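Below, each chain spelled out in residue letters.
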Amino acid sequence: MCKPSIKPIVSNLESLFSKFNEQFYNNELQTPVITVSPDTTKGAYGWCTGWRAWKDGESEGYYEINMCAEHLTRSFTEVAETLLHEMVHLYNLQHDIKDTSRSGTYHNAKYKASAEQHGLSVKKSDKYGWSDTSLDDEAKAFINSIDMDFELYRESPQKVGKSATKQSTRKYVCPICGCIVRATKEVHIICYDCEIEFIEEAS
């Protein structure tokens, strides 16, 4: 039996950051320290520190992107969207763009502009401004090419003693080009480019 560890989760997130940095930022972003810890904000999926929270004695330090452990129960696409959302904040920090107010909760039009340049679609929330993000079409297509999952997650105290189930997903692969599609139920999909049906891959 394998020992439980968050190392594979952090490793996957670091790999995903690198892929996003290359795809959407031309490797311009400085690498942050990526952490996984409980949600102390009562609702945030993740955060990017507005200061260089980590030091090594040899540089000016590193920003931190944290992914809240309780929310790793969401689909891979949703977790990826959260990481890309926080990477926008990191981009704005590097360019001295003030993209939030109200202690970092309200996302202004500058956040919206940067997000839409880097793989996200944005909608406005009355309470949090331009904070409601989702992957745009390019990012969705890019995500489908990545084979990655987060099997270990942290259960919130409110759910202890209650039955909590993680929604399972099915992975379908085109046998010719290798394109990957995920679905939460059985589906029949044809690869438009190869004109052949996707095959469900055994988990």
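Refer to the structure presented above.
Since the model is a prediction, treat every value here as computed from it, not as a measurement. (Residues numbered from 1 in each chain as written. Predicted model: local features only at pLDDT ≥ 70, side-chain atom pairs only at ≥ 80, totals over all residues. Heavy atoms only, no water.)

Draft legend 1. Layout of the packing of aromatic side chains. Tallying each qualifying case throughout the model produces 4 aromatic pairs. A ring pair is formed by F20 and F142, whose centres lie 6.2 Å apart and whose planes are at 40°; its orientation type is tilted. Of this pair, F20 sits in helix α1 (residues 7–25) while F142 sits in helix α4 (residues 137–143); the two residues are 122 residues apart in sequence, bridging distant segments of the chain. As far as the burial class goes, F20 and F142 line up, both buried. Grouping aromatic residues by their ring pairs yields a cluster made of F20, F24 and F142. Its guanidinium or amino end placed over the ring of Y45, R74 lies 3.8 Å from that ring's centre, counting from NZ or CZ. Geometry around W130 places K112 over its ring, the cationic atom sitting 5.0 Å from the centre. (Phe/Tyr/Trp six-rings, centres within 6.5 Å; stacked < 30°, edge-to-face > 60°. Helix = DSSP H or I, 4+ residues; strand = E, 2+ residues; numbered from the N terminus. Buried < 20%, exposed > 50% of the residue type's maximum accessible area, 1.4 Å probe, protein only. Lys NZ or Arg CZ within 6 Å of the ring centre and 35° of its normal.)

Draft legend 2. The nonpolar core, seen in detail. Grouped together as the largest cluster of nonpolar side chains are 36 residues, with contacts concentrated most on L16, F17, F20, Y25, L83, L84 and M87. The set of elements that each furnish at least two residues to this core consists of α1, β1 (33–37), β3 (64–68), α2 (76–94), α3 (109–116), β6 (120–125) and α4. When residues in this core are grouped by element, the largest group, 9 residues, is from α2. For F20, the contacting residues outside a window of four places in its chain are Y25, A80, L83, L84, M87, F142 and I143. (Core = buried A, V, L, I, M, F, W, Y, C linked by side-chain atoms within 4.5 Å. Contact = heavy atoms within 4.5 Å.)

Draft legend 3. Representation of the pairing of strand β7 (residues 129–135) within the structure. One ladder, built from 5 bridges, connects β6 with β7; its direction is antiparallel. The residue of β7 that forms the bridge with L120 is L135. (Pairing = 2+ DSSP bridges.)

Draft legend 4. Region of interest: the sheet that holds β1. An order of β1-β3-β2 is seen for the 3 strands of this open sheet, with the pairing classed as mixed. This sheet does not close on itself; its edge strands, each paired only once, are β1 and β2 (46–48). Averaged over all adjacent pairs, the angle separating strand axes in this sheet is 15°, with direction ignored. With 3 bridges connecting them, β2 and β3 associate as antiparallel partners. Across the sheet, G46 pairs through a bridge with M67, a residue of β3. (Axes fitted to C-alpha atoms, helices over the stretch in contact; angles between N-to-C directions.)

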